[in-house]
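Analysis of the macromolecular model
What follows is the residue order along each chain.
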Amino acid sequence: MRDAVICAAVRTPVGRRGGGLAGVHAADLSAAVLTALAERTGLDPALVDDVFWGCVSQVGEQTGNIGRVAALAAGWPESVPGTTIDRQCGSSQQAVAFAAATVISGQADVVVAGGVESMSRVPMGSSSGDGSAGRPLGPAFLARYEGVVPNQGIGAEMIAERWGFSRADLDEFALRSHERAGKAQADGAFDDQIVPVTTPEGAQVTRDEGIRSGGTLASLGALKTPFRPDGVISAGNASQISDGSAALLVITSERARALGLTPIVRVHTTVVAGDDPVIMLTAPIPATRKLLDRAGVPLSDIGVFEVNEAFAPVPLAWQREIGADLAAVNPLGGAIALGHPLGASGARIMTTLVHHMQATGTRFGLQTMCEGGGLANATMLELVTD
């Protein structure tokens, strides 16, 4: 029976908006991880059957099927195809799910999945045209939802209100994210997964730029709440606008053995779920329930959870509903500290998850993330020990 295993996972550092990676074109960010993936595995790129690449703002420098452009920018043979996926923030997690399904079905043997986003160069919302209210949605959608144009910040405020989270609850979670990410960085937990990026000026970016130490409840509490004057969501308890790219090698066990590659994890189960598009950010809850039901693995057997920190209420509401141990959720920090380069985030998180499972001997890991449109992907990985 065919399966799908991940034999390598790499990522760039996550750069702050306007930071070290701001001068690097998204195709070149992508090429950096594709090149490193081939070099670290010894894989001949000519053997890659397809490249599945996530990207959210497919406009300007990120248009023209950046998945294909990335492979060519990496110097891979022109025979290697590529395609670009938009499942909003879950685009590159969806790329891994598509890659796994493709190799399991026998349509391919070797697929590279990942994604990119340069939010410094292609600002969030650029693909919505002139910004006219509701323009990407159309009359029928707006009529169904009584003219409401969904807003993720308002959605986060709605979650905090529904689940009763205070500003202090959210800010404490944010501080914990920075604390965990800072410790992971200091301990070298990210070193093996990060690919240094050389900028056009010749500088090297080697470390995640968004991690901040020394924050306090008082300092976070002084930040404005832009979505509601009396709200609880601020820049301090929301994900950072970032630049970055990540890639994973998805292949069958049989093909891995033939190529002399060692599988790290098996893609055990993947699902996607939908929920209310107005509150937008709650779908990780039904997606996780769907995943657990389909996988047949009890929650108690899962040793680590990665829940994207788009806004602090998202993982907090998820944890309250699912019942996972909060100590096992985002143990190396999340997007509040590390950043959220939209189309790359699913692959960035999965790269971190794969390396953490390998380093700690954790058998099962679960990843989920909220996405525009009220969607969420959920993926279960299983450590390969045989």
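Since this is a predicted model, take the numbers as computed values, not measurements.

Here Gln62 lies in the loop between strand S3 (50–54) and helix H2 (66–73). Overall, Gln62 belongs to the buried group, its relative accessible area being 1%. If we ignore the near neighbours within four places in the chain, the residues touching Gln62 are Ala26, Cys55, Ser57, Glu117, Ser118 and Val122.

With that out of the way, let us pick up the environment of Gln319. Positionally, Gln319 belongs in helix H10 (residues 313–322). C-alpha of Gln319 to C-alpha of Ile285: the two residues are 34 residues apart in sequence and 8.6 Å apart in space. In this structure Gln319 touches Ala324 and Leu326, once residues within four positions along its chain are discounted. Side-chain polar atoms of Gln319 contact the backbone oxygen of Ala324, separated by 2.9 Å.

Right, let's get into the packing of helix H1 (residues 26–41) against H2. Interaxial distance between H1 and H2 falls to 8 Å at its minimum, and their mutual angle equals 60 degrees. Judged by the angle between their axes, H1 and H2 are oblique. In the crossing of H1 with H2, the sense of the turn from one axis to the other is right-handed. Packed against H1, whose contacting residues are Ala26, Ala27, Asp28, Ser30, Ala31 and Leu34, the element H2 presents Ile66, Val69, Ala70, Ala71 and Ala73 at the interface. Tallied by class, residues from the contact of H1 with H2 come to nine nonpolar, one polar and one charged.

Turning to the packing of helix H5 (residues 152–163) against H10, a few remarks are in order. Running from amino to carboxyl end, H5 crosses H10 at an angle of 35 degrees, the nearest separation of the two axes being 9 Å. Note on packing geometry: the crossing formed by H5 with H10 is left-handed. Between H5 and H10, the residues in contact are Ala156, Ile159, Ala160 and Trp163 and Pro313, Val314, Ala317, Arg320 and Glu321, respectively. A class-by-class count of the residues in the contact of H5 with H10 yields seven nonpolar, no polar and two charged.

The rules behind the values
- Here, residues in each chain are numbered from 1, in the same order as that chain's written sequence.
- Whole-chain, interface and lining totals are the exception, using all residues; otherwise, since this is a predicted model, local features are given only for residues with pLDDT of at least 70 and side-chain atom pairs are given and counted only at 80 or more.
- Side-chain calculation: all heavy atoms of the structure are included, whereas hydrogens and water are not.
- What counts as a helix is a DSSP run of H or I of at least four residues, what counts as a strand is a run of E of at least two, and both are numbered from the N terminus.
- Any residue under 20% of the maximum accessible area for its type is buried, any over 50% is exposed, and the rest in between are partly exposed; the area is computed with a 1.4 Å probe on protein chains only.
- For this analysis, residues touch if any pair of their heavy atoms sits within 4.5 Å.
- In protein, a polar contact requires one atom able to donate a hydrogen and another able to accept it; more generally it is a pair of N or O atoms within 3.5 Å, and residues adjacent in sequence count only if both atoms are side-chain atoms.
- All axes are obtained by fitting lines to C-alpha atoms, using only the stretch in contact for helices, and the reported angles, taken between N-to-C directions, cover 0 to 180 degrees.
- By the definition adopted for this analysis, an angle is roughly parallel if under 35 degrees, roughly antiparallel if over 145, roughly perpendicular if from 65 to 115, and oblique otherwise.
- Handedness of a crossing is defined here by the sense of rotation of the near helix relative to the far one, left-handed for an anticlockwise turn of less than a right angle and right-handed for a clockwise turn.
- Throughout this entry, Asp, Glu, Lys and Arg are counted as charged residues, while Ala, Val, Leu, Ile, Met, Phe, Trp, Tyr, Cys and Pro are counted as nonpolar. The remaining residues, Gly among them, count as polar.

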